[in-house]
Amino acid sequence: MENKIQQLTEKLYNEGVSKGKQESEQIVAQAKENAEKIVNDAKKEASEIIETAKKNAEELAKNSKSEITLALNQMVNDIKQQLQNIVITKSISEDMKNAFKDDNFVKELILSVVKSWDGSSVNVIVPEGKAAETKQYIETSVDKALASEIEISENPSIKTGFRLVPSEGGYYINFSDNDFNALFKDYLREQVATLLFGGK
C-alpha cells in the first residue's frame, strides 16, 4: 500500500514538474517573441525617426542655403546701388550746385527755356532779389512780343534756379540744382552701372 502511495506521489510530482516546465517554456517562448517584437518595433520607429530627422535637416539646409543666397544677392545689389549713387553724386552734385550759383548760367537757362516755350504767357519765378536783373536780361535778349508774354516774380522759398508757371496755371516746372541732379542721376544710372559692373 505504501508502495502505491509512493508511486502515486511520484507520478503526481512528475506530472506537476512536467506541466510546470512546459508552462515555463511557453512563458519564456512568449516573452522572447514579445521581446523580439518590441525590439523590431523600436528599430523600425528609430529608423523612421532618423529618416524624418534626415529629411528635415536636408530641407532646413536647402532653405537656409536659399535664404543665404537671397540675402547675399540683395546685399550685393545694395552695395552696387550705393556705389552708383556715390559715383553719380560725386560726378554731378558739386558741379550742378556751382552752376546754379552762377547768375549768368541761370539767366541763360531761363532765356533758353522761355525761347522754346510753346505755350501762352508764362510766369518765371526766381529767388528773392533776382527779379529785376532777370527781367532786364530777358527784355534785352528777346523781342518785345515775347518779352510781353513773360512775367518775372520772386518767391523766397526758391533758393536756386527758377520755377516756370504757365499763365493758365494748373502745373509748374522746377529748374533747380536738385531737379537737374535727379534728372541726370536717372540718365547716368545705366551708364555708371555698365562702367562699374559691366551691366545693370
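Residues numbered from 1 in each chain as written. Predicted model: local features only at pLDDT ≥ 70, side-chain atom pairs only at ≥ 80, totals over all residues. Heavy atoms only, no water.

Novice: An account of the packing of helix 2 (residues 103-115) against helix 3 (residues 131-141) is needed here, citing residue identities and associated values.
Specialist: As a packed pair, helix 2 and helix 3 sit with axes 10 Å apart at the nearest point and diverge in direction by 50°. As far as their axial angle goes, helix 3 and helix 2 are oblique. As for the relative orientation of helix 2 and helix 3, their crossing is right-handed in sense. Contacts from D103, K107, E108, I110, L111, V114 and K115 in helix 2 reach E133, T134, Y137, I138 and S141 in helix 3. Here the residues of the contact of helix 2 with helix 3 are counted per class, giving five nonpolar, two polar and five charged. (Axes fitted to C-alpha atoms, helices over the stretch in contact; angles between N-to-C directions. Helix = DSSP H or I, 4+ residues; strand = E, 2+ residues; numbered from the N terminus. Parallel < 35°, antiparallel > 145°, perpendicular 65-115°, else oblique. Left-handed = near helix turned anticlockwise from the far one by under 90°. Contact = heavy atoms within 4.5 Å. Nonpolar A, V, L, I, M, F, W, Y, C, P; charged D, E, K, R; others polar.)

Novice: Which residues make up the nonpolar core, and what values go with them?
Specialist: One recurring pattern in soluble globular proteins is that nonpolar side chains are buried together. Counting residues in each nonpolar core, the largest one holds 21 residues, and the members touching the most others are I110, V114, V124, I138, F162 and L164. Looking at this core, the elements with two or more residues in it are helix 1 (2-101), helix 2, strand 1 (122-126), helix 3, strand 2 (150-154) and strand 3 (162-166). Broken down by element, this core gets its largest block of residues, six residues, from helix 2. Ignoring anything within four residues of it in the chain, the contact list for L164 reads V113, V114, W117, V122, N123, V124, Y172, I173 and F175. (Core = buried A, V, L, I, M, F, W, Y, C linked by side-chain atoms within 4.5 Å. Buried < 20%, exposed > 50% of the residue type's maximum accessible area, 1.4 Å probe, protein only.)

Novice: Before we move on, could you go through the side chain of S153 and cite the residues and values that matter?
Specialist: Note on placement: S153 falls in strand 2. Within the local environment of S153, its side chain forms a polar contact with the side chain of N123, the two groups lying 3.1 Å apart. Here S153 is in contact with N123, V124, I125 and V126, once residues within four sequence places are set aside. (Polar contact = N/O pair within 3.5 Å; in protein donor to acceptor, adjacent residues only side chain to side chain.)

Novice: Could you give an account of the environment of T69, with specific residues and numbers?
Specialist: You can see T69 is positioned in helix 1. Here the side chain of T69 touches K65 through a polar contact of 2.8 Å, landing on its backbone oxygen.

Novice: I'd love a proper account of the packing of aromatic side chains, names of residues and values included.
Specialist: Scanning the entire structure with this criterion turns up one aromatic pair. Ring centres 4.7 Å apart and planes at 10° place the aromatic pair F162 and F175 in the stacked group. One end of the pair, F162, is in strand 3; the other, F175, is in strand 4 (residues 173-175), with 13 residues separating them in the sequence. Accessibility assignment for this pair places F162 and F175 in one class, buried. (Phe/Tyr/Trp six-rings, centres within 6.5 Å; stacked < 30°, edge-to-face > 60°.)

Novice: Go over the pattern of salt bridges with me, naming the residues and quoting the values.
Specialist: A full pass over the atoms with the stated rule returns three salt bridges. Among the ionic pairs, D103 bridges to K130, the shortest N-O distance being 3.0 Å. Taken as a pair, D103 in helix 2 and K130 in the loop between strand 1 and helix 3 lie far apart in primary sequence, 27 residues in all. Relative accessible area serves as the criterion here: at 30%, D103 is assigned to the partly exposed category. Note that K107 is salt-bridged to E133, the shortest N-O span being 3.4 Å. Here the residue K107 occupies a position in helix 2, and E133 occupies one in helix 3, the gap between them amounting to 26 residues. (Salt bridge = Lys/Arg side-chain N within 4 Å of Asp/Glu carboxyl O.)

Novice: Quick rundown of the environment of G169? Include the residues and the values.
Specialist: Structurally, the position occupied by G169 is in the loop between strand 3 and strand 4. In this structure G169 comes out as partly exposed when scored by relative accessible area, which is 22%. Sequence separation of G169 and V122 is 47 residues, and the distance between their C-alpha atoms is 9.1 Å.

Novice: An account of the sheet that holds strand 1 is needed here, citing residue identities and associated values.
Specialist: Strand order in this open sheet of four strands is 2-1-3-4, and the pairing throughout is mixed. This sheet does not close on itself; its edge strands, each paired only once, are strand 2 and strand 4. Each neighbouring strand pair of the sheet contributes to a mean axis angle of 25°, computed without reference to strand direction. When strand 1 meets strand 3, the two strands line up antiparallel, connected through four bridges. Residue V124 lies in a different strand from strand 3, and its bridge partner there is L164. Together, strand 1 and strand 2 form the strand contacts of helix 3, whose direction differs from that of strand 2 by roughly 165°. (Pairing = 2+ DSSP bridges.)

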